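Read off the chains here:
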Amino acid sequence: MQVWKFGGTSVGKPERMHSIRELLDSDPNRKIVVLSALSGSTNALIAIGEAAKAFDDTRAAAQIEDLKTHYGLFIKDLYATPEGLAKGQNIVDTEFGYIKSLVGIKPFTIKKEKELVAEGEILSTKMFQAYLEEKGENSVLLSALDFMRIDADGEPELSTIEEKLVTILNQYTDKQTIITQGFICRNPRDEVDNLKRGGSDYTASLIGGAIRADEIQIWTDIDGMHNNDPRIVKRTFPIRELTFEEAAELAYFGAKILHPSTITPAKLRGVPVRLKNTMQPEAPGTLIANQTSDREIKAIAAKDNITAIYIHSTRMLNAYGFLRKVFEIFEKYKTPVDMITTSEVSVSVTIDNSEHLEKISAELKEFADLEEHDRDQNIICVVGNFSADKEGIALKVLDALKHIPIRMISYGASEHNLSLLIHSKYKSEALNVLNERLFYYEDAMKDIFTAP
């Protein structure tokens, strides 16, 4: 069995849903199909929730009607028969009736907000299953709320998910296609919750790991993961193979095609992940697995909105417990650290969430001196196979960026990552010059020296 996930743009138009059915029919493997909400729906539902929290019933009602109208037009192009359209209309009427009931009762709590946002995935999956039924497909819809669970820290309970999912799947061994929702789950209080934004990728990986799938396929509108950001760099290309570790580094440091959490459950169970393009299904995409090619440098990514914190102490750095005290403060405020560098009398760290920066700074100042924080920074991450016996990789990167001021460098903690901190105003220049020097420069030199 395989797990296929389709994102919001892949299901965002009726003709895209038609194309997904054709893709499913063209492949003989039995599948669990994970769907996101229609593109734009989650944002629209969040906006409705914001209006409800502000007690702006008029605005909330207007937004609900606008979204319902969108779905009403959508189903007219999705279904080909009066019976199919009637079933689709019933789904829209029922779910939007529930949305109105959530918003209409005050106060509008966080619990209701999560139930509201979950309606995006519930609508898309119910509509798609009704479309498959109209076409006579051998399929069934399973609610992710029946098996997807998170603990009190918001982390998925993989063993519980596996147990519940396997039990449910045993009831549908005759079904070729099994549809379910991405993103949504239940928490320890048995309330509707979610895996945060982008969590449909995570859902697919959790399901794939739980059932030991043959392969997890993440379908988007991009031909796999690119070696650089195509929005900023013109000459990019899809990467055909990555290890789990390389893909995780790229996802964490800014590659938008993949949710950072996706890789973990797949890696844990050794299930390969393939990134595919719904617009070009014949393209090979990117395969993420335990083994890949030996190419040294695979890709470059950039992480935005970084703040650097410089911590100095001539008294305590060499004393036992100094670093422990520093990182206990970040743990207290649940603020992850991206980069770390140290010297004899200082330690520098970067964070991408400055919500608690003032409180963190105040507690650090109790036993250390702080420089003024560097805000509006970027982490440029170069990813590849950087094992200890590789030569010249850092030299290539630093030589390419010799005209750009670098505030921090992290290299050696991982065999797959070289990270540099620069000001955001240099981001575009850095990505472009690294792209040319790391992926095209050697080929250009060969052409020069072999020319007649």
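Keep in mind the model is a prediction, meaning the values are calculated, not measured.

What am I meant to see in helix α7 (residues 199–210) here?
One turn of the α-helix equals 3.6 residues, which is why residues spaced by three or four share an orientation. Spanning 12 residues, α7 covers 16 Å between terminal C-alpha atoms, matching the ideal 16 Å at 1.5 Å per step. The buried fraction of α7 is high, at 12 of 12 residues. When we look at burial in α7, the residues that qualify are G199, S200, D201, Y202, T203, A204, S205, L206, I207, G208, G209 and A210. Looking one or two residues beyond α7, the residue adopting positive phi is R212, at roughly 50 degrees.

For this particular structure, what's the right way to read the packing of helix α3 (residues 57–78) against helix α5 (residues 110–134)?
Describing two packed helices takes the angle between their axes plus the distance from one axis to the other. Put simply, α3 and α5 touch, their axes get as near as 11 Å, and they point 20 degrees apart. Between α3 and α5, the interaxial angle falls into the category roughly parallel. Helix-helix and strand crossings are classified by hand; for α3 and α5 the assignment is right-handed. When α3 is examined against α5, the residues Y71, F74, I75 and L78 are found in contact with a partner set consisting of G120, L123, M127, Y131 and E134. When grouped by side-chain class, the residues that make up the contact of α3 with α5 number 7 nonpolar, 1 polar and 1 charged.

What is the right way to look at the side chain of H226 in this model?
Looking at where H226 falls in the secondary structure, it is placed in the loop between β7 (215–220) and β8 (241–243). The contacts of H226, once residues within four sequence positions are left out, are T236, F237, P238, I239 and A299.

Even after reading the chapter, I still don't get empty space enclosed by the protein, so can you show me in this structure?
Where empty space is left can be seen by rolling a probe of water-molecule size over the atoms. Under the defined criterion, the tally for this structure stands at 1 cavity of 30 Å³ or more. Its volume calculated, the largest cavity comes out at about 30 Å³. Taken together, R21, L24, D25, L132, E137, S139 and T177 make up the lining of the largest cavity. The element that contributes the greatest number of residues to the lining of the largest cavity is helix α1 (residues 14–26), accounting for 3 residues.

Mind showing me how you'd approach the environment of T342 here?
Note that T342 resides in strand β12 (residues 340–342). With 248 residues separating them in the primary sequence, T342 and T94 have C-alpha atoms 58 Å apart.

What am I meant to see in the sheet that holds strand β10 (residues 286–289) here?
Here 8 strands make up an open sheet; going across it, the order is β3-β4-β2-β1-β7-β9-β10-β8 and the pairing mixed. Of all strands in the sheet, those bounded by a partner on one side alone are β3 (139–141) and β8. When the angles between neighbouring strand axes are averaged without regard to direction, this sheet yields 20 degrees. Note: β7 against strand β9 (residues 273–277), 5 bridges, orientation parallel. Opposite Q217, over in β9, you have R274 as the bridge partner.

Definitions and limits used
- Per chain, residues are indexed from 1 in the order of the written sequence.
- Residue-level local features of this predicted model are given only where pLDDT is at least 70; pairs of side-chain atoms are given and counted only at 80 or more, and the full residue set underlies all totals for whole chains, interfaces and linings.
- Side-chain metrics in this entry use all non-hydrogen atoms of the structure; hydrogen atoms and water are not considered.
- Here a helix means four or more residues in a row that DSSP labels H or I, a strand means two or more in a row labelled E, and each is numbered from the N terminus.
- Take the residue count of a helix, subtract one, and multiply by 1.5 Å to get its expected span.
- We call a residue buried when its accessible area falls under 20% of the maximum for its residue type, exposed when it is over 50%, and partly exposed in between, using a 1.4 Å probe and counting protein chains only.
- For helices, the fitted axis covers only the stretch in contact; all axes are lines through C-alpha atoms, and the angles between them, taken along N-to-C directions, range from 0 to 180 degrees.
- Here the word oblique covers every angle except those under 35 degrees (roughly parallel), over 145 (roughly antiparallel) and from 65 to 115 (roughly perpendicular).
- Helix crossings are classified by the rotation of the near helix relative to the far one: an anticlockwise turn of less than a right angle makes the crossing left-handed, while a clockwise turn makes it right-handed.
- Any pair of residues with heavy atoms lying within 4.5 Å of one another is described as a contacting pair.
- Just so you know the grouping, Ala, Val, Leu, Ile, Met, Phe, Trp, Tyr, Cys and Pro go in nonpolar, Asp, Glu, Lys and Arg go in charged, and all remaining residues, Gly too, go in polar.
- Here a cavity is any set of points on a 1 Å grid over the protein atoms alone where a 1.4 Å probe fits but cannot get out, and a pocket is any open set with protein on both sides within 12 Å along at least 5 of 7 lines; a residue lines the site when it has an atom within 4 Å of a point.
- Grid points are joined across faces, edges and corners, and a volume is the space filled by probe spheres set on the points.
- Any two strands with at least two DSSP-identified bridges between them are counted as paired.

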